[in-house]
Amino acid sequence: MKALVTGGAGFIGSHLIRFWLREDPDISVVNLDKLTYAGDLARLLEIKNHPRYQFVKGDVCNRSDVEKALVGCSAVIHLAAETHVDRSLLDAKAFFDTNLYGTYILLETARKKGIKKFLTVSTDEVYGSREKGFFKETDALDPSSPYSVSKTAADLLTLSYARTHGLHAMVTRGSNTFGPYQYPEKVIPLFVARALSDEPLPLYGDGRQVRNWLFAEDHCRGILRAFDKGKSGQAYNISSATSLENSDLTRQILKILGKPESLIQKVKDRPGHDRRYAIDSAKLRKLGWKEKCPFDESLRETVLWYRENEDWWRRIKEKNPDFKDYYAKAYAARV
Ligand SMILES: NC(=O)c1ccc[n+]([C@@H]2O[C@H](COP(=O)([O-])OP(=O)(O)OC[C@H]3O[C@@H](n4cnc5c(N)ncnc54)[C@H](O)[C@@H]3O)[C@@H](O)[C@H]2O)c1
């Protein structure tokens, strides 16, 4: 089977493509990616010349780019998105362009081309926050940020194509994902980079927000399990057994690096910051998925990877001249 993966030059997409090609000898992958500030082909260097891999530079919002990439494909796994909540607070336009309109263009083109299976990678953020208990797939969606609203729209639009057009369409709703090659604005690589330079780690509010942490490889395994065994029109939560307060995560990172907790600097909370994300992944577990990567080991592996691969994230920061300004702006908005 030949499948289109969108956003394959991003963090999770690149893990997914490498993992899929390694695990399934019958799969060929076309990677459609616009290479925004978050896309980086260096994540895929080891498979650049793989005989079952092809890269197409293009925009999911552009119908002819999508048509070109879909030639010969019978399935789509859609990850391309604007993904950083903080950026969506400063300017949300690109979020609605790519996450909503881009998903519409993909679904519409896939339907017309007779694509057999379509999976959109969504997020646990679509449910919003809850103090106790766990969200199931049938619970109401109640997103808080422009990012999560744009993802909710894409998620529901995907499911609507199953109902109204009979497209075999599904969504996965994964929790906070971590691992090597994550863009250095996200919390784990950001905090590792700052700790390595003995710079303060800006922790939002009281640091007691709870997140569930899923290792990238386990997330990919979950996406592919839903893709293989999931039913059309259904959503599948993907979460691990490890939920942590942000302050505990920060302390663990500092401990792995042998850096003092005095580097933690509490800053004003993010507006609309969800307190606790918590989802129940029993539905996907019934299809045979379970996480394989223990959290402590995976976090250690990840933190040390950033320490050993400084060239990668330093190059990314330098490539984006607004990186410093962007952080200056974002932190100024917080303090
Ligand atoms: N990172 C997480 O913790 C997490 C958790 C759950 C779900 N998700 C979802 O998983 C997906 C991937 O997340 P990520 O963290 O790997 O994102 P990322 O920001 O690292 O990568 C996004 C990729 O999409 C590409 N892209 C953006 N706009 C595009 C467009 N218009 N056309 C084509 N390509 C475009 C970028 O170039 C980049 O390669 C997203 O849909 C995200 O919402 C992420």
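What comes next concerns the included structure. All values derive from a computational prediction rather than experimental measurement.

Describing the overall build of the protein chain
Within the protein chain, the secondary structure is distributed over 12 helices and 12 strands. Its C-alpha radius of gyration of 19 Å places the protein chain within 12% of the 20 Å reference for a compact globule of 335 residues. The C-alpha extent of the protein chain, read off along each of the three principal axes, is 55 × 45 × 35 Å. Across the 335 residues of the protein chain, 43% fall into the buried class. Contacts in the protein chain between residues far apart in sequence, at least 24 positions, make up 83% of those at least 6 positions apart.

Describing the nonpolar core
Core analysis: the biggest nonpolar cluster contains 66 residues, and Leu4, Val76, Ile77 and Ile223 have the highest contact counts within it. With residues up to four places along the chain from it excluded, the contact list for Leu4 reads Val30, Leu32, Ala69, Leu70, Cys73 and Val76. Ranked by size, the runner-up nonpolar core spans 6 residues in total, among them Val126, Tyr127, Ala278 and Ile279.

A few points about the site of the ligand
For the ligand, the set of nearby residues contains 31 residues, the closest of which are Gly7, Gly10, Phe11, Gly39 and Ala81. Going through the elements one at a time, helix H1 (11-23), strand S2 (28-33), helix H4 (93-112), strand S5 (117-123) and strand S7 (176-178) are the ones with two or more residues in the shell around the ligand. By residue number, the principal contributor to the shell around the ligand is H1, which donates 3 residues. For the shell around the ligand, the class distribution of residues is 13 nonpolar, 13 polar and 5 charged.

What about unusual backbone geometry?
Backbone geometry at Leu35 places phi at a positive 55 degrees, although glycine is not the residue there. Secondary-structure assignment places Leu35 in the loop between S2 and strand S3 (53-57). The exposure class assigned to Leu35 is partly exposed, which follows from the 14 C-beta atoms found within 10 Å. With a phi angle near 70 degrees, Tyr181 is a residue other than glycine that sits in the positive phi range. Mapped onto the elements of the fold, Tyr181 is located in the loop between S7 and helix H6 (187-196).

With respect to the sheet that holds S3
Strand order across the open sheet formed by 7 strands is S3-S2-S1-S4-S5-S6-S10, with parallel pairing between neighbours. Both outer strands of the open sheet, S3 and strand S10 (235-238), are each paired with one neighbouring strand and no more. Within this sheet the neighbouring strands show an average axis-to-axis angle of 20 degrees, counted without direction. Pairing geometry for S5 and strand S6 (residues 169-174), over 6 bridges, is parallel. Its bridge partner lying in S6, Thr120 is registered against Val171. Lying over the sheet, H1 contacts strand S1 (2-6), S2, S3, strand S4 (75-78) and S5, oriented at roughly 170 degrees with respect to S2. H4 contacts S1, S4 and S5 of the sheet and is inclined by roughly 170 degrees relative to S4.

A closer look at the environment of Tyr204
Assignment of secondary structure puts Tyr204 in strand S8 (residues 201-204). Along the chain, Tyr204 and His273 lie 69 residues apart, while their C-alpha atoms are 8.9 Å from each other. Among all residues touching Tyr204, those that are not within four sequence positions of it are Gln209, Asn246, Val267, Asp269, Arg270 and His273.

Some details on H1
Over its 13 residues, H1 extends 19 Å from the first C-alpha to the last, a length consistent with the 18 Å expected when each residue adds 1.5 Å. Buried residues of H1: Phe11, Ile12, Gly13, Ser14, His15, Leu16, Ile17, Arg18 and Trp20, and no others.

Description of the packing of H6 against helix H8 (residues 246-257)
Packing of H6 against H8 leaves a shortest axis separation of 10 Å and a crossing angle of 45 degrees. One element, H6, and the other, H8, form an angle in the oblique class. Viewed along their axes, H6 and H8 form a crossing whose handedness is right-handed. Of the residues in H8, those touching H6 at Ile188, Phe191, Val192, Ala195 and Leu196 are Thr250, Ile253, Leu254 and Leu257. Here the contact of H6 with H8 is built from residues that sort into 8 nonpolar, 1 polar and no charged.

Examining helix H10 (residues 295-308)
Between its terminal C-alpha atoms H10 stretches 20 Å, which fits the 20 Å expected from 14 residues at 1.5 Å a residue. Each element contacted by the buried residues of H10 is listed here: S7, H6, strand S9 (210-215), H8 and helix H11 (310-319).

A word on the pairing of S9
The element S9 is largely enclosed, with a buried count of 5 among its 6 residues. Pairing analysis gives 3 bridges linking S7 to S9, with the strands arranged parallel. Following the sheet pairing, Asn176 is matched in S9 by Trp213. As paired elements, S9 and strand S11 (residues 243-245) share 3 bridges and run antiparallel to each other. Across the sheet, residue Arg211 finds its bridge partner in S11, namely Leu244.

Some remarks on the sheet that holds S11
Read from one edge of the open sheet, 3 strands run S7-S9-S11, paired in mixed fashion. Two strands close off the open sheet at either side, each with one partner strand: S7 and S11. Taken pair by pair, the neighbouring strands of this sheet meet at an average axis angle of 45 degrees, ignoring direction. Across the sheet, helix H7 (residues 216-229) is in contact with S7 and S9; its angle to S9 comes to roughly 80 degrees.

Parameters and conventions
Residues numbered from 1 in each chain as written. Predicted model: local features only at pLDDT ≥ 70, side-chain atom pairs only at ≥ 80, totals over all residues. Helix = DSSP H or I, 4+ residues; strand = E, 2+ residues; numbered from the N terminus. Rg over C-alpha atoms; globule rule 2.2 N^0.38 Å. Buried ≥ 20, exposed ≤ 12 C-beta atoms within 10 Å, placed from the backbone. Contact = placed C-beta atoms within 7 Å. Core = buried A, V, L, I, M, F, W, Y, C linked by C-beta atoms within 7 Å. Near = placed C-beta within 6 Å. Nonpolar A, V, L, I, M, F, W, Y, C, P; charged D, E, K, R; others polar. Pairing = 2+ DSSP bridges. Axes fitted to C-alpha atoms, helices over the stretch in contact; angles between N-to-C directions. Expected span 1.5 Å × (residues − 1). Parallel < 35°, antiparallel > 145°, perpendicular 65-115°, else oblique. Left-handed = near helix turned anticlockwise from the far one by under 90°.

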